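In case you want the letters, here they are:
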Amino acid sequence: MRTVVLNVPQVSELPDIGAVLDRWQSDAGPLHLHTGDLGWYSLRGAEATAQALRVWRCQDRILAIGLLDGENLLRLSVDPDLTHDDVLARQIESDIDSSDRTASRTDTSVFEKGTAIVEARGAIRLCDLLKTRGWGNDEPWTPMSRDLSLPVEQSDIGVDVAGPDGAAAWTTIHWSAFRGVPYTADDRQRFVDRWHTMMSGPFSSRAQCLMGYDNSGLPVAVATVWSAGPNRPGLLEPLAVHRDQQGHGYGKAMAIAAARRLQQLGSSSASVCTESSNRGAVAAYSSAGYLPRPQVKDLRRGS
Ligand SMILES: CC(C)(COP(=O)(O)OP(=O)(O)OC[C@H]1O[C@@H](n2cnc3c(N)ncnc32)[C@H](O)[C@@H]1OP(=O)(O)O)[C@@H](O)C(=O)NCCC(=O)NCCS
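Residues numbered from 1 in each chain as written. Predicted model: local features only at pLDDT ≥ 70, side-chain atom pairs only at ≥ 80, totals over all residues. Heavy atoms only, no water.

A.B. asks: What should I look at first to understand the overall build of the protein in this one?
C.D. replies: A count of helical and extended segments in the protein gives nine helices and 13 strands. The C-alpha atoms of the protein give 19 Å as radius of gyration, which agrees with the globular expectation for 303 residues (19 Å, within 12%). Projected onto its principal axes, the C-alpha coordinates of the protein cover approximately 65 × 45 × 35 Å. Scored against the burial criterion, the 303 residues of the protein give a buried share of 53%. At a minimum sequence separation of 6, the contacts of the protein that also span at least 24 residues come to 72%. For the protein, the computed accessible surface area is about 13700 Å², with 48% contributed by carbon and sulfur atoms. (Helix = DSSP H or I, 4+ residues; strand = E, 2+ residues; numbered from the N terminus. Rg over C-alpha atoms; globule rule 2.2 N^0.38 Å. Buried < 20%, exposed > 50% of the residue type's maximum accessible area, 1.4 Å probe, protein only. Contact = heavy atoms within 4.5 Å. Areas by Shrake-Rupley, 256 points an atom, 1.4 Å probe, with all protein chains shown as cover.)

Encoded structure:
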């Protein structure tokens, strides 16, 4: 009987974990946790990223990698050879469940008591087990991807790769798109620092932050692309257009530019997953040639 053990990795293990996650990305497989997701999380720093990871191993072999993306959300990838593996699924299910029963948190606890959400798109056996235990469906998400074996047209807007000097403009646009509240000097300093942390962190070699400009040279849109290596799907996370500039085709143009950039990096496809309720995002990606795959739902325990 194999023994599957859960642990929280050290910072020094992050490059190896990223390399394993890269190998698990394929166009034939699900759009599951990507190295780019760890990269985007690493805005919080390498130590916080390691602390948020849960890794299931059998001796030296990594079998599953989970990212606690917030207290209640575990985003999980399993080794594509083990999607139906009963031993692994039961161990993960038990670790998720025992962390609910444990009165005091341990270092490897997964969830606090109460509401919990698991995103485990390729972990078929685990999802079956969780459903048997009463977990229900959460909100639908739409995975989308653009095949990069075909030519990608030139984008309509000027786009370049944002270096350290572009961090303030890049974060301003992101903040405006996602927050829409005033960007104070403190907010700016914090976000710019985090951007530098990410872009010098353990996954930064896979990332390119892109900035798109209108005809007058004003930065209006941003995106980050994450390569998982040649001939594997790359990830677009995030995409954002300044709130004052939305609805002018910049989102579409930026999604095309991101696909083109991933193609130059050797990716087989450009992938993204967005909440199905985000109609603007689904429309912008569709307009940029990304094809929707069937909707996927996370699993939820509690209300
Ligand atoms: C999603 C987002 C990037 C779209 O950018 P945008 O510049 O406003 O979109 P575009 O003007 O390029 O529109 C592209 C297409 O989507 C359609 N569209 C845009 N917003 C839409 C909406 N809210 N509802 C329906 N369709 C919409 C446009 O009509 C256009 O369609 P067409 O090409 O067939 O004419 C932008 O709204 C944004 O930054 N939102 C906040 C952040 C976010 O949700 N990012 C995506 C998830 S990571």
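Once you've had a look at it, read on.
A.B. asks: Help me understand the domain arrangement of the protein, please; the structure alone is not making it clear to me.
C.D. replies: A common way to express how large an interface is: the accessible area buried when the components associate. Segmenting the protein into domains produces domain 1 (5-140) and domain 2 (146-297). Contact residues are listed per partner, giving 30 residues for domain 1 and 31 residues for domain 2. Taking both sides of the interface into account, the surface hidden between domain 1 and domain 2 amounts to around 2500 Å²; carbon and sulfur atoms contribute 66%. Three residues, Trp40, Leu43 and Pro140, lead the burial of domain 1 against domain 2; their summed loss comes to 29% of the area buried on that side. Run the count over domain 1 and domain 2 and you get one salt bridge. Where domain 1 touches domain 2, the interface holds seven residue pairs in polar contact (both at pLDDT 80 or more). Those elements giving two or more residues to the side of domain 1 that touches domain 2 turn out to be helix H1 (14-23), helix H2 (35-41), helix H3 (46-52) and strand E6 (136-147). Considered class by class, the residues forming the side of domain 1 that touches domain 2 number ten nonpolar, twelve polar and eight charged. (Domains from an automatic or database assignment. Buried area = accessible area lost by both parts, 1.4 Å probe. Salt bridge = Lys/Arg side-chain N within 4 Å of Asp/Glu carboxyl O. Polar contact = N/O pair within 3.5 Å; in protein donor to acceptor, adjacent residues only side chain to side chain. Nonpolar A, V, L, I, M, F, W, Y, C, P; charged D, E, K, R; others polar.)

A.B. asks: Explain the packing of helix H6 (residues 167-178) against helix H7 (residues 185-199) here, please?
C.D. replies: The relative placement of two packed helices comes down to the angle between their axes together with the axis-to-axis distance. Packing of H6 against H7 leaves a shortest axis separation of 9 Å and a crossing angle of 110°. Taken together, the axes of H6 and H7 lie roughly perpendicular to each other. Crossing geometry of H6 relative to H7 is assigned as right-handed. Touching Ala167, Ala168, Trp170, Thr171, Thr172, His174 and Trp175 of H6 are Asp187, Arg188, Phe191, Val192, Trp195 and His196, all from H7. Across the contact of H6 with H7, the residue classes tally to seven nonpolar, four polar and two charged. (Axes fitted to C-alpha atoms, helices over the stretch in contact; angles between N-to-C directions. Parallel < 35°, antiparallel > 145°, perpendicular 65-115°, else oblique. Left-handed = near helix turned anticlockwise from the far one by under 90°.)

A.B. asks: Would you explain the pairing of strand E10 (residues 233-241) in this entry?
C.D. replies: Two faces belong to every sheet, and in a regular strand the side chains alternate between them. In terms of residue burial, E10 counts as a mostly covered element, since eight of its nine residues are buried. Bridge analysis of strand E9 (residues 219-226) against E10 gives five bridges, and the strand direction is antiparallel. Counterpart to Ala221 in the pairing with E10 is Val241. Connecting E9 to the next strand, E10, in antiparallel fashion are six residues, including Gly229 with a positive phi near 100°. (Pairing = 2+ DSSP bridges.)

A.B. asks: What should I look at first to understand the site of the ligand in this one?
C.D. replies: In the vicinity of the ligand, 19 residues are found, and the nearest of them are Leu239, Gly249, Lys252, Asn278 and Ser287. Within the backbone of Val241, one N or O atom sits 2.9 Å away from an oxygen atom of the ligand. Within the contact set of the ligand, an oxygen atom lies 2.8 Å away from a side-chain nitrogen or oxygen of Asn278. Coverage of the ligand by the protein amounts to 66% of the 930 Å² it exposes when considered alone. Of all the cavities here, the one that holds the ligand is the largest pocket. Secondary structure elements with two or more residues in the shell around the ligand: H6, E10, helix H8 (250-264) and helix H9 (279-287). Residue contributions to the shell around the ligand peak at six residues, all from H9. Residue composition of the shell around the ligand, by class: ten nonpolar, eight polar and one charged. (Near = heavy atom within 4 Å. 1 Å grid on protein atoms, 1.4 Å probe; cavity = no way out; pocket = protein on both sides within 12 Å on 5 of 7 lines; lining within 4 Å. Sits in = over half its atoms within 2 Å of the grid points.)

A.B. asks: For this particular structure, what's the right way to read the nonpolar core?
C.D. replies: For soluble globular proteins, nonpolar side chains are generally found buried alongside one another. Counting 38 residues, the largest nonpolar core has Leu38, Ile65 and Trp170 as its most contacted members. Examining the composition of this core, we find that five residues originate from one element, H6, more than from any other. Each of two domains, domain 1 (5-140) and domain 2 (146-297), supplies a minimum of three residues to this core. Apart from residues no more than four positions distant in its own chain, Trp170 is found in contact with Trp40, Ala162, Trp195, Cys209, Leu210, Met211, Val222, Ala223, Thr224 and Pro238. (Core = buried A, V, L, I, M, F, W, Y, C linked by side-chain atoms within 4.5 Å.)

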